[in-house]
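Each chain is listed here by its residues.
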Amino acid sequence: MYPLKQITSIQNPLIKTLLQLQEKAKARKQSGTFIIEGKREIELALKGKYELETILFLPELITEKEINFLYRGIDQSQAELIEINKEVYQKLAYRDTTEGIIAISKSKPLALSDLKLPNNPLILILESIEKPGNIGAMLRTCDAANIDAVIIANPKTDLYNPNIIRSSVGCLFTNQIASGTTEEVIQFLKDQKINIYSATLQNSNSYHTQNYKTPTAIAVGTEATGLSQAWRDNATQNIIIPMQGQIDSMNVSVAAAILLFEAKRQRGFQA
């Protein structure tokens, strides 16, 4: 085992800091750090080139071999390894079913200019989505479809909210993500000559009649208000998923999945 510290009190200043990072977006933004809970999520964060500052673990729930494996994947000159007791872990653990490990990670800037796109990208745009569960579900879909980027326009929820990490089952770290204002994102897409398909009820064609084989961005908005006018005005084509029941919309994460996998089907996706 590597050299480590021990924390046995929930009054420890680091533990109080961790609780702030869990509960407050302001604390995450000011510190540039956030919390990751769970072995799989931490492994995915390391694969996604996130920089871990601290790993805390409860030895009753995770083996020394597993800790050593994870700790080898981080910069040991910068990161601390801390053993905690059951009382501290129960105070910190965000999930009902846990694996005995929590990490502090540095966040990424999420700049549009940092995106590395292929020649024929497929991108999902999320405008003003607030519910962490919906964002997490869409990140899972984007990982499953292996799309090239997710762009969040006019973000309403901190991307490093623990609920997003949990509901995405770590796919926050497997997707290439950027954010900006709606105006910035639209201009970015135009500069990159990427076609915009806006999911909206107004002036729309059925989604399956469109060609997504060229550079494509599919934009979805909130279930309550949909996409803003700017996306409708700047779309290559507004698209709609035809409804046969009594309502005129579905959960945004379900709609995004339908649209993305139609684009993947057209591009020759095979299971």
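Since the model is a prediction, treat every value here as computed from it, not as a measurement.

Caption draft 1: Molecular detail of the pattern of salt bridges. In this structure the tally under the stated criterion is 5 salt bridges. The salt bridge partner of Lys5 is Glu80, with a shortest N-O separation of 2.4 Å. With Lys5 in strand β1 (residues 5-7) and Glu80 in strand β4 (residues 80-84), this pair connects stretches of sequence that are 75 residues apart. A salt bridge links Lys106 to Glu51; the shortest N-O distance between them is 3.3 Å. Here Lys106, found in strand β5 (residues 101-106), pairs with Glu51, found in the loop between α3 (39-47) and β3 (52-57); they are 55 residues apart in sequence, far enough to count as distant.

Caption draft 2: Seen up close, the nonpolar core. Within the largest apolar cluster, 53 residues are counted, with the highest numbers of intra-cluster contacts made by Leu124 and Phe173. If one sorts the elements of this core by residue count, helix α10 (residues 252-266) sits on top with 6 residues. In this structure, Phe173 is in contact with Phe34, Ile36, Glu41, Leu44, Ala45, Gly48, Tyr50 and Ile165, ignoring residues within four places of it in sequence.

Caption draft 3: Quick peek at empty space enclosed by the protein. This structure, assessed with the given rule, holds 1 cavity of 30 Å³ or more. Volume-wise, the largest cavity comes out at about 90 Å³. Taken together, Gln22, Ile35, Ile36, Glu37, Glu41, Tyr94, Arg95, Pro162, Ile165 and Arg166 form the lining of the largest cavity. For the lining of the largest cavity, the elements supplying multiple residues, two or more each, are β2 (33-37) and α7 (162-167).

Criteria and thresholds
- Throughout, a residue's number is its position along its own chain's written sequence, starting from 1.
- Under the rules for a predicted model, residues below a pLDDT of 70 receive no local features and side-chain atom pairs below 80 are neither given nor counted, while totals for whole chains, interfaces and linings still include all residues.
- Values shown for side chains rest on all heavy atoms present in the structure; no hydrogens or waters enter the calculation.
- Each reported salt bridge corresponds to a side-chain nitrogen of Lys or Arg within 4 Å of a carboxyl oxygen of Asp or Glu.
- Numbered from the N terminus, helices here are DSSP runs of H or I no shorter than four residues, and strands are runs of E no shorter than two.
- For our purposes a nonpolar core is just a set of buried Ala, Val, Leu, Ile, Met, Phe, Trp, Tyr and Cys residues, chained together by side-chain atoms within 4.5 Å.
- Throughout, exposure labels follow a simple rule: accessible area from a 1.4 Å probe, protein chains only, divided by the maximum for the residue type, with under 20% read as buried, over 50% as exposed, and the rest as partly exposed.
- Should any heavy atoms of two residues lie within 4.5 Å, those residues are considered in contact.
- Only protein atoms enter the 1 Å grid used here. Points where a 1.4 Å probe fits but cannot escape make up a cavity, open sets with protein on both sides within 12 Å along at least five of seven lines make up a pocket, and a residue lines them when an atom lies within 4 Å of a point.
- Grid points are joined across faces, edges and corners, and a volume is the space filled by probe spheres set on the points.

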